[in-house]
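Residues per chain are reported as follows:
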Amino acid sequence: MAQAPPATAAHPVRMPTRNVRPFMQALADQWPDARTELTYRDPFTLLVAVVLSAQATDASVNRATAPLFKKIDGPVAMVALGEKGLGDFIKSIGLWQSKARAVIGLSQSLLDNHGGEVPHDREALEALPGVGRKTANVVLNVVFGEATIAVDTHLFRLGNRTGLAPGKTPRAVEDGLLKRIPKDMLLHAHHWLILHGRYICKARTPECWRCGAAPWCAYRPKTPEPRAKQPAAKPRGRATAIEVEGG
């Protein structure tokens, strides 16, 4: 019986079970201090930051929230700020108008239904304006220490490219990751994977030559290290010094 071809971007192949733990351990070794790169000070500011980060970089969100979080100290202050006031802080972020509506809406919902506190409950989180499964997973993991996996573009790509958890939808990849990653690694797995996808296993070209997990990854062919640029050839012949006479 012919063997299946190795995983490629177009045809992911499931990573052998025996490779999963060493693959994840390599990521843990590469990112020993992995944590969210969003700046926050409490559950509410993390929730706001994650909602703002949809289709935006963490760096762009942090630039916008630095002055915002100095002004607001919770959902009461956020509601008082209003959509227009919030918009003045976040106009540099994509989709800022809809995000402003969502943040003011979720702030009001927290006041109306949860005493102004971020709930430790998936269903309640996902009922908030602008909060979907991915955002809820981030909050449950970072704030409440639950072993959840938030599948963004990086995790979706890695799940398929490496063969760790191939799937056609984010939920399929999430379910695959939860099933295959060892339980003692699940708490930090999201951050190991997202940082790896952000800085090494990049979307356009995975930098396999500096990936500690490459020996266990199903992706082929591995990207070779770029050749060093050759120094420019020196001109041949004898150089002639030119003296400039002073006045």
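Everything that follows concerns the structure shown earlier in this document.
Residues numbered from 1 in each chain as written. Predicted model: local features only at pLDDT ≥ 70, side-chain atom pairs only at ≥ 80, totals over all residues. Heavy atoms only, no water.

1. Brief notes about the overall build of the protein chain
Right, so step 1: Each helix and strand in the protein chain was counted, giving 10 helices and 0 strands.
Right, so step 2: Once local pairs closer than 6 in sequence are excluded, the contacts in the protein chain between residues at least 24 apart make up 61%.
Right, so step 3: With an accessible surface of roughly 14200 Å², the protein chain has 54% of that area assigned to carbon and sulfur atoms. (Helix = DSSP H or I, 4+ residues; strand = E, 2+ residues; numbered from the N terminus. Contact = heavy atoms within 4.5 Å. Areas by Shrake-Rupley, 256 points an atom, 1.4 Å probe, with all protein chains shown as cover.)

2. Considering the side chain of T36
Right, so step 1: Along the chain, T36 turns up in the loop between helix 1 (17-30) and helix 2 (43-52).
Right, so step 2: From its side chain, T36 meets the backbone nitrogen of L38 in a polar contact 3.2 Å long.
Right, so step 3: Among residues more than four places away in sequence, those in contact with T36 are V142 and H191. (Polar contact = N/O pair within 3.5 Å; in protein donor to acceptor, adjacent residues only side chain to side chain.)

3. Some remarks on the packing of aromatic side chains
Right, so step 1: Inspection of every chain in the model, using the stated rule, returns 1 aromatic pair.
Right, so step 2: Measuring from centroid to centroid gives 6.1 Å for W31 and Y199, while their planes differ by 40°, and the two rings are tilted. On the criterion of sequence distance, the pair formed by W31 in the loop between helix 1 and helix 2 and Y199 in helix 10 (residues 186-199) is long-range, its members being 168 residues apart.
Right, so step 3: We classify W31 as buried; its relative accessible area is 18%. (Phe/Tyr/Trp six-rings, centres within 6.5 Å; stacked < 30°, edge-to-face > 60°. Buried < 20%, exposed > 50% of the residue type's maximum accessible area, 1.4 Å probe, protein only.)

4. Quick notes on helix 3 (residues 58-71)
Right, so step 1: Over its 14 residues, helix 3 runs 20 Å from end to end, which matches the ideal 20 Å to within 8%, given 1.5 Å per residue.
Right, so step 2: The sharpest bend along helix 3 measures roughly 40° and falls at T65, with the proline P67 sitting one to four residues further on.
Right, so step 3: Contacts made by the buried residues of helix 3 are with helix 2, helix 4 (75-90) and helix 10. (Expected span 1.5 Å × (residues − 1). Bend = angle between axes of the 7 residues up to and from the residue.)

5. Some thoughts on the packing of helix 3 against helix 4
Right, so step 1: Between helix 3 and helix 4, the least distance of the axes is 11 Å, while the angle of their chain directions is 155°. Compared by their axis directions, helix 3 and helix 4 come out roughly antiparallel. You can see that helix 3 and helix 4 cross each other, and the crossing is right-handed. Residue-level inspection shows A64, P67, L68 and K71 of helix 3 in contact with helix 4, the latter providing M78, L81, L86, F89 and I90.
Right, so step 2: Tallied by class, the residues present in the contact of helix 3 with helix 4 amount to 8 nonpolar, no polar and 1 charged. (Axes fitted to C-alpha atoms, helices over the stretch in contact; angles between N-to-C directions. Parallel < 35°, antiparallel > 145°, perpendicular 65-115°, else oblique. Left-handed = near helix turned anticlockwise from the far one by under 90°. Nonpolar A, V, L, I, M, F, W, Y, C, P; charged D, E, K, R; others polar.)

6. Details of the side chain of R161
Right, so step 1: Its place among the elements puts R161 in helix 8 (residues 153-161).
Right, so step 2: Comment: no salt bridge for buried R161; closest opposite-charge side chain is E207, at 9.8 Å.
Right, so step 3: Among the polar contacts listed, one links the side chain of R161 to the backbone oxygen of K202, at a separation of 2.8 Å.
Right, so step 4: Within polar-contact distance, the side chain of R161 engages the backbone oxygen of A203 at 3.0 Å. (Lys, Arg positive; Asp, Glu negative; His and termini not counted. Salt bridge = Lys/Arg side-chain N within 4 Å of Asp/Glu carboxyl O.)

7. Quick look at the environment of T153
Right, so step 1: Secondary-structure assignment places T153 in helix 8.
Right, so step 2: Relative accessible area serves as the criterion here: at 59%, T153 is assigned to the exposed category.
Right, so step 3: Sequence separation between T153 and R198 is 45 residues, and the spatial gap between their C-alpha atoms is 9.6 Å.

8. Side note on the nonpolar core
Right, so step 1: With 34 residues, the main nonpolar core has F44, L47, M78, L86, L106, L125 and V131 as its most contacted residues.
Right, so step 2: Those elements that place two or more of their residues in this core are helix 2, helix 3, helix 4, helix 5 (96-113) and helix 7 (133-142).
Right, so step 3: Broken down by element, this core gets its largest block of residues, 8 residues, from helix 2.
Right, so step 4: Beyond its immediate sequence surroundings of up to four residues, V131 is in contact with L47, V51, L106, L125, E126 and A136.
Right, so step 5: Residues M15, A26, L158 and C211 belong to the second largest nonpolar core, which totals 33 residues. (Core = buried A, V, L, I, M, F, W, Y, C linked by side-chain atoms within 4.5 Å.)

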